[in-house]
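# Close look at the chain arrangement
One-letter residues, chain by chain:
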Amino acid sequence: MDLPFLMLVLLLTGIGVIMVFSASYATAYLQEDKSPTFYFFRQALFAAAGLTVMYITSKINYQTFRWLSVFALGLAVLLLIAVLIPGIHTSRSDGVKRWIAVPGIGTFQPSEIAKVAVIMYFSARLSKRNTEKPRRLSPRRPLSGVVGFLDRIGFLELVPYGLILLLIVGLMMLEPHMSGTILILAGAAAVLFAAGIKLYWFAGGGAALMGLVVLMMSGYQSTRILVWQDPWAYPRDGGYQIIQSLYAIGSGGLLGLGLGKSRQKFLYLPEPENDFIFAIVCEELGLIGAGIVLILFALLVMRGYWIAIHARDRFGALLVVGITTLTAVQVFLNISVVTNLIPTTGISLPFFSYGGTALMIQLAEMGIILSVSRQIPAPRQE
């Protein structure tokens, strides 16, 4: 397997587990039914299980994922429907239905599976794009001219992919889950772009995405825009978390306060081990430490694209491009939220944010990339 990529994954996972311990022990200590190391041990256990899954996945011939993609997509759709059924999803006071409880393990979001399933299915279908014979229509058939024009501009080719995305996005809007929707669309767009879909369709897709964002901006989500514009105007309500996050980042300075010495995690910054864990990284490790973490993520993304470029076939390349882009977008959006560059979206930081099932799925995705890297053709000897 590709050792540089593997080492980067191990480094980020290890640092992430350590930061979960540092960011969570104060919260766990003040909970009567938990020990100070509760979150740390659970995250470490899931990290060990996830690394095992990653290794097993890397040993699987990635061509297996080609036919598995149909079943993965079907499972994702069924889970997205199931999470909307009362009694299956975990209840929240704001009416959000995103999580399914698994006894003895915890909760997971079906959108995590949908992200990978869409990338797998699109990669499997689009990898055959240049090998399938184009269908020729008889000029005598009704509407042959219109159909021919739509075929020439690439519209007919996009119809099945568009229908799949409409189904999944529609289900996600019912939860509602805007951040998950954005990530699924980003992964799908990356695969479509790498497969050679005409660029003007991405302009149309971007306009449609903006319209979708406007539609989903209802209730508490519209309040997030106001909070983002001026969090200090809502110091006790929606702006409290982002204000405390900015305090944490600012107090870290150049070198940080030291590992374990964050002040904001002592019930100032809500749930510091989850979506806003990067603020604790900045406070404890400073600009230099946070910069090193960002460099590691950048190297991971760059190495992922390197593997995609050198992949054995088109399917492997598209698969790696989709997963790598998904990881890159998730990192960018999380850090943008923590620094108030964009409104709060509820996107976790890969390998860092507390969440066992999400971490295992992320490591399984890395295993898929490593599986592709195992079959990179050896350079020819001159």
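Rules used in this analysis
- Residues numbered from 1 in each chain as written.
- Predicted model: local features only at pLDDT ≥ 70, side-chain atom pairs only at ≥ 80, totals over all residues.
- Heavy atoms only, no water.
- UniProt positions renumbered as here; feature names shortened; annotations may be inferred.
- Helix = DSSP H or I, 4+ residues; strand = E, 2+ residues; numbered from the N terminus.
- Buried < 20%, exposed > 50% of the residue type's maximum accessible area, 1.4 Å probe, protein only.
- Contact = heavy atoms within 4.5 Å.
- Areas by Shrake-Rupley, 256 points an atom, 1.4 Å probe, with all protein chains shown as cover.
- Axes fitted to C-alpha atoms, helices over the stretch in contact; angles between N-to-C directions.
- Parallel < 35°, antiparallel > 145°, perpendicular 65-115°, else oblique.
- Nonpolar A, V, L, I, M, F, W, Y, C, P; charged D, E, K, R; others polar.
- pLDDT = per-residue confidence, 0-100.
- Phe/Tyr/Trp six-rings, centres within 6.5 Å; stacked < 30°, edge-to-face > 60°.
- Polar contact = N/O pair within 3.5 Å; in protein donor to acceptor, adjacent residues only side chain to side chain.
- Salt bridge = Lys/Arg side-chain N within 4 Å of Asp/Glu carboxyl O.

The chain appears in an unreviewed UniProt entry as Probable peptidoglycan glycosyltransferase FtsW from Flavonifractor plautii 1_3_50AFAA. Under Pathway (unreviewed entry), UniProt gives the following word-for-word description of the chain: "Cell wall biogenesis; peptidoglycan biosynthesis." Here is the UniProt Subcellular location (unreviewed entry) comment for the chain, exactly as written: "Cell membrane".

Time to look at the overall build of the chain. On a plain count of helices and strands, the chain comes out with 13 helices and two strands. In the chain, which comprises 382 residues, the proportion classed as buried is 46%. Relative to all contacts within the chain whose residues are 6 or more apart in sequence, the contacts with residues 24 or more apart total 75%. For the chain, the accessible area works out to roughly 18,800 Å², and carbon and sulfur atoms hold 68% of it.

Glancing now at the packing of helix α1 (residues 3-29) against helix α13 (residues 356-374). Contact geometry for α1 and α13: axes closest at 11 Å, N-to-C directions at 170°. One finds that α1 runs roughly antiparallel with respect to α13. Every residue of α13 that contacts α1 at Phe5, Leu6, Val9 and Thr13 is listed here: Leu363, Met366, Ile369 and Leu370. Of the residues contributing to the contact of α1 with α13, the split by class is seven nonpolar, one polar and no charged.

On average, residues of the chain score 85 in pLDDT, and 84% of them reach the 70 mark or higher. Within the chain, the element-level pLDDT minimum falls on helix α5 (residues 144-152), averaging 57, and the maximum on helix α11 (residues 277-309), averaging 96.

All right, on to the packing of aromatic side chains then. Tallied over the entire structure, the rule returns twelve aromatic pairs. Relative to Tyr25, the ring of Phe21 lies with its centre 5.9 Å away and its plane at 40°, an arrangement referred to as tilted. With Phe21 and Tyr25 both in helix α1 and four residues apart, this pair spans about one turn of that helix. Between Tyr25 and Phe266, the ring centres sit 6.5 Å apart and the planes meet at 85°, which makes this aromatic pair edge-to-face. On the criterion of sequence distance, the pair formed by Tyr25 in helix α1 and Phe266 in the loop between α10 (240-252) and α11 is long-range, its members being 241 residues apart. For Tyr25, a relative accessible area of 25% puts it in the partly exposed group. For Phe266, a relative accessible area of 41% puts it in the partly exposed group.

All right, on to the side chain of Ser69 then. Topologically, Ser69 is positioned in helix α3 (residues 64-82). Owing to a relative accessible area of 1%, Ser69 belongs among the buried residues under this scheme. Side-chain polar atoms of Ser69 contact the backbone oxygen of Arg66, separated by 2.6 Å. Setting aside chain neighbours within four positions, we find Ser69 in contact with Met120, Tyr121 and Ala124.

Attention shifts here to the pattern of salt bridges. A full pass over the atoms with the stated rule returns four salt bridges. The shortest N-O distance in the salt bridge between Arg303 and Asp2 comes to 2.8 Å. Residue Arg303 is found in helix α11, and its partner Asp2 is found in the segment before α1; the two are separated by 301 residues along the sequence. By relative accessible area, Arg303 is classed as partly exposed at 23%. A salt bridge links Lys265 to Glu284; the shortest N-O distance between them is 3.0 Å. Remark: Glu284 occurs in helix α11 and Lys265 occurs in the loop between α10 and α11; sequence separation between them is 19 residues. With a relative accessible area of 0%, Lys265 lands in the buried category.

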